[in-house]
Amino acid sequence: MKKILKLSVYLLMIVALCLAGATSSGALALGSDPGFFSPHGVWSILPPLIAIILAFLTKNVVVSLLIGVFSASYIIALGSTGPFAAIPQSFDIATRHMRDAVADPWNAGVLLQCGAIGGLVGLITASGGVNAVAKALARYARGPASSQIVTWFLGFFVFFDDYANVQVRGPIMRSLTDASGVSREKFSYILDSTAAPIAGIALISTWIGTEVSYISAGLTDAGLSQDISAYSLFVESIPLRFYNLLTLAFVLITAITLREYGAMRKAEALARGGTLREMDSRLIRVEEAAAVAVEGSDVADATKNESDASLWKTSMYAIVPLAALILAAFVFFYFSGKAKILAGEDAALIERVQTFSFDSIRACFGSADASIAIFQAAVFGGIVAFILCVATGRLTAGEAVRNWLNGMKSLVFTFVILILAWSLCSCIGKNELGAAKFLATSLSDSTPQFLLPTMIFVLAAVVSFATGTSYGTMAIITPLAIPFANEIAPGDHSYLVASTAAVLTGAIFGDHCSPISDTTILSATSARCGLLEHVSTQLGYALPVAFVAIVCGFIPVGLGVSWTVALPVALIVVAAIIGIFGRKVKSEPRDS
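Because the structure is predicted, anything quoted here is derived from the model rather than measured. (Residues numbered from 1 in each chain as written. Predicted model: local features only at pLDDT ≥ 70, side-chain atom pairs only at ≥ 80, totals over all residues. Heavy atoms only, no water.)

Q: Can you break down the overall build of the protein chain residue by residue, with the values?
A: In terms of regular secondary structure, the protein chain is built from 28 helices and four strands. The burial tally for the protein chain puts 55% of its 592 residues in the buried class. Taking contacts inside the protein chain between residues at least 6 apart in sequence as the whole, the part at least 24 apart equals 79%. Of the accessible surface of the protein chain, which amounts to about 23700 Å², a share of 68% is contributed by carbon and sulfur atoms. (Helix = DSSP H or I, 4+ residues; strand = E, 2+ residues; numbered from the N terminus. Buried < 20%, exposed > 50% of the residue type's maximum accessible area, 1.4 Å probe, protein only. Contact = heavy atoms within 4.5 Å. Areas by Shrake-Rupley, 256 points an atom, 1.4 Å probe, with all protein chains shown as cover.)

In structure tokens form, the structure reads like this:
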């Protein structure tokens, strides 16, 4: 049955691409506007659909993304040539997009920061520091509940960036959650759900500058830039980011109660019995997982025979470099943003950063180049770890370099998926197929006033899921949503705040669930969880939370209900869903 289903999908994909070629070439031959059936119309959403459906059917993410990239390139080529001539041209377009994805300054910075953090993790793992921290934390996280709560809590410490958040917590907490009987699926869900949802509402983060700039563009288009501050609108929208807040609550409640349902409960039941699912979807025992996680390290079991009294001393080999990374990130964010502001022409902004204050810090963080700042911080942390290990004799210089490279090499699979995901996003982006614009235009028809915040939330969710980018979704929809909300309800400030919040949180929800999102990919690989296993189990939790955000949040707010009433009710409903549908996962004997 599975083979028939896969074959049907392949045939439908071929038929769809041929139909795209026929309609495209026919429209071009007639010299008319091809409209809805143009390659830049309905066909623009075909490539991501192909990639997502094939990924779930074949369980092969790399091949599915590659097919998605080439199908997008083929549709692009149809805009200038016939169906058969487009085949060789699509190969050229696809490879150029892959090259450009790596050459893009932001993407290159992300790859470099991932590699640098991977090298740092490889080094501190070999030193025994990661194992020592896990053993030390085990005193406070003795079971599945406490280990999940600790992981959730640590998410608020690395609040300033979602990438750094998952990459720092993943290696530190993975061995602890493995040993505590927490599944890799649940661990990756916790990482993902306490990364972007936290960074997106933090008053100081790498997100705030982007979000405020899009809000500012929307206020300008609505003619409200002189009356309303973009930053104040951002702050006012935080209590109405229902998906962000409800997701954080959902994770904490499931961790405390140990109640799960659906596919996540099956994964948790396996983990309680000592069986985990690795990145390649095979089942392994906890003991084997520990060996795989430190494979290639020279001194990975350095803490095996150490006494409890020396654990904290050994843990310094991890704590000091990671603390250096986090502190250096703050410094590099500040000076990177300040340099950019001083090089600009905004006199008011330049005046704000002349003195060191919370306001200037916020402005600098908002303007900083996050990808290069985190890369610099990761390199600095790696240097600290190298000096610490070599100076104390924990590792030789050769061992330190070798383990740093091993840590970096362990992320090759992540690099490949990220590059292909970026290439696909580039092919369907505004300069090529324009999938986001097509979706925004198609889904933004006239709607009742009280449903507008809900419609904006759904629109942002669909666009970000299909394109895999929350930033891109915000850039497209925020400047449209704010003027539209002001036009429907002029002078209603609370309605404007609700519509703004709907864009920002809807974009995070769609990005949160999308298998082609870079944050989703990093969360899965940091937890050593299969990407498809992470997405499929996470969807079972993210969708109900989004439904509650709509029914108990945006619809009541659209009807004039205050968020001080809507948010508590939504929290109660979320807790009720877990209580009604969730069942407590009992620990099973490890030899079962």
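That covers the picture; the talk isn't over yet.
Q: Give me the lowdown on the packing of aromatic side chains, citing residues and values where you can.
A: Applying the stated criterion across every chain yields a total of 11 aromatic pairs. Both rings, one in Y334 and one in F356, keep their centres 5.4 Å apart while their planes meet at 70 degrees; by these two values the pair is edge-to-face. Placement of the pair is Y334 in helix 16 (residues 308-342) and F356 in the loop between helix 17 (347-352) and helix 18 (358-367), with a sequence separation of 22 residues. An aromatic cluster is built from F242, Y243, F457, F509 and F554, whose rings are joined through pairwise contacts. (Phe/Tyr/Trp six-rings, centres within 6.5 Å; stacked < 30°, edge-to-face > 60°.)

Q: Lay out the pattern of salt bridges in plain terms, naming residues and giving numbers.
A: Opposite charge on two side chains permits pairing when their charged atoms draw close. Counted by the stated rule, this structure contains nine salt bridges. Its salt-bridge partner being D100, residue R99 comes within 2.8 Å of it at the nearest N-O pair. Residue classification places R99 among the partly exposed residues on the basis of a relative accessible area of 48%. Classification of D100 as partly exposed rests on a relative accessible area of 37%. Its salt-bridge partner being R241, residue E211 comes within 3.7 Å of it at the nearest N-O pair. Taken as a pair, E211 in helix 11 (residues 208-221) and R241 in the loop between helix 12 (230-237) and helix 13 (242-257) lie far apart in primary sequence, 30 residues in all. (Salt bridge = Lys/Arg side-chain N within 4 Å of Asp/Glu carboxyl O.)

Q: Give me helix 8 (residues 162-179): which residues, what numbers.
A: The terminal C-alpha atoms of helix 8 lie 25 Å apart, and with 18 residues this matches the ideal 26 Å at 1.5 Å per residue to within 8%. A bend of about 45 degrees at M173 is the largest found in helix 8. Within helix 8, 16 of the 18 residues are buried, which leaves it mostly tucked inside the rest of the structure. Phi for G181, located one or two positions after helix 8, is positive at around 85 degrees. (Expected span 1.5 Å × (residues − 1). Bend = angle between axes of the 7 residues up to and from the residue.)

Q: Hey, could you go over the nonpolar core for me, with residue numbers and the actual values?
A: L65, F333 and L424 are the most contacted members of the largest nonpolar core, which totals 94 residues. Ranked by residues supplied to this core, first place goes to helix 5 (residues 105-126) with 10 residues. Membership of the second largest hydrophobic core comes to 71 residues, among which are I201, Y231, F250 and M264. (Core = buried A, V, L, I, M, F, W, Y, C linked by side-chain atoms within 4.5 Å.)

Q: Quick rundown of the packing of helix 6 (residues 129-137) against helix 8? Include the residues and the values.
A: Closest axis-to-axis distance for the helix 6/helix 8 pair is 9 Å, and the angle between their directions is 55 degrees. Between helix 6 and helix 8, the angle is such that the two are oblique. Where helix 6 crosses over helix 8, the two elements pack in a sense that is right-handed. Contacts between helix 6 and helix 8 involve V130, V133, A134 and L137 from the first element and P171, I172, M173, S175 and L176 from the second. Looking at the contact of helix 6 with helix 8 residue by residue, the classes come out as eight nonpolar, one polar and no charged. (Axes fitted to C-alpha atoms, helices over the stretch in contact; angles between N-to-C directions. Parallel < 35°, antiparallel > 145°, perpendicular 65-115°, else oblique. Left-handed = near helix turned anticlockwise from the far one by under 90°. Nonpolar A, V, L, I, M, F, W, Y, C, P; charged D, E, K, R; others polar.)

Q: Kindly report on the packing of helix 24 (residues 470-488) against helix 25 (residues 493-513), identifying the contributing residues and their values.
A: Contact geometry of helix 24 with helix 25 gives a least axis separation of 9 Å together with a crossing angle of 160 degrees. One way to sum up the angle between helix 24 and helix 25 is to call them roughly antiparallel. Handedness of the crossing formed by helix 24 with helix 25: right-handed. Contact with helix 24, carried on its side by S470, T473, M474, I477, T478, A481, I482, A485, N486 and I488, involves Y495, L496, S499, T500, V503, L504, A507, I508 and D511 of helix 25 and no other residues of that element.

Q: If you had to explain unusual backbone geometry to someone new, which residues and values would you point to?
A: Of note in the backbone geometry, L258 takes a positive phi value of approximately 60 degrees without being a glycine. Its place among the elements puts L258 in the loop between helix 13 and strand 1 (259-260). The exposure class of L258 is buried, given its relative accessible area of 11%. Despite not being glycine, R528 shows a phi value in the positive range, around 55 degrees. As for its placement among the helices and strands, R528 is situated in the loop between helix 26 (518-526) and helix 27 (531-558).

Q: So what's going on with the confidence of the model for the protein chain? Which residues, and what values?
A: Chain-level pLDDT for the protein chain is 81 on average; 86% of the residues reach the 70-or-more range. The least confident element of the protein chain is helix 1 (residues 2-30), whose mean pLDDT is 50; the most confident is helix 13, at 96. Note on residues 24-39: pLDDT is under 50 here. Beyond four places in sequence and across chains, it has 18 contacts. Scored below 50 in pLDDT, residues 296-303 makes 29 contacts in the model with residues more than four places away or belonging to other chains. (pLDDT = per-residue confidence, 0-100.)

Q: Outline helix 3 (residues 61-78), supporting the account with residue identities and numerical values.
A: Taking 1.5 Å of rise per residue, 18 residues should cover 26 Å, and helix 3 covers 26 Å from first to last C-alpha, within 8% of that figure. The element helix 3 is largely enclosed, with a buried count of 13 among its 18 residues.

Q: Describe the side chain of S517, naming the residues involved and giving the relevant values.
A: By the secondary structure assignment, S517 is in the loop between helix 25 and helix 26. One polar contact links S517 to D511, side chain to side chain, over a distance of 2.8 Å. (Polar contact = N/O pair within 3.5 Å; in protein donor to acceptor, adjacent residues only side chain to side chain.)

Q: How would you summarise a nonpolar patch on the surface if you had to cite specific residues and measurements?
A: Taken together, the side chains of Y140, W312, M316, I319 and V320 present a nonpolar region at the surface, about 450 Å² in accessible area. On the secondary structure map, M316 appears in helix 16. Here M316 falls in the partly exposed class, since its relative accessible area comes to 33%. (Patch = residues over 30% accessible without salt bridge, like charges linked within 9 Å, V, L, I, M, F, W, Y side chains within 5 Å.)

Q: Talk me through the environment of E268; I want residue IDs and the actual numbers.
A: With respect to the helices and strands, E268 occurs in helix 14 (residues 262-272). Taking C-alpha positions, E268 is 8.6 Å from R184, a pair spaced 84 residues apart along the chain. For E268, the residues in contact, after removing those within four places along its chain, are Q148, G181, V182, S183, K186, E260 and V585.

Q: Explain the environment of M98 to me, using residue names and the numbers behind them.
A: You can see M98 is positioned in helix 4 (residues 86-103). Under the relative-accessibility criterion, M98 is labelled buried at 18%. Taking the C-alpha atoms as reference, M98 lies 5.2 Å from S423; in sequence the two are 325 residues apart. Non-local contacts of M98, meaning those with residues more than four positions away in its chain, are made with L66, V69, F70, I419, L420 and S423.

Q: Would you mind going over the side chain of E211 in detail, with residue names and values included?
A: Note on E211: relative accessible area 0%, which makes it buried. Sequence-distant contacts of E211, defined by excluding residues within four places in its chain, comprise G200, F234, R241, M474 and L504.

Q: Go over the environment of R402 with me, naming the residues and quoting the values.
A: Along the chain, the position of R402 falls in helix 20 (residues 397-409). Linking R402 and L123, residues 279 residues apart in sequence, is a C-alpha distance of 8.5 Å.

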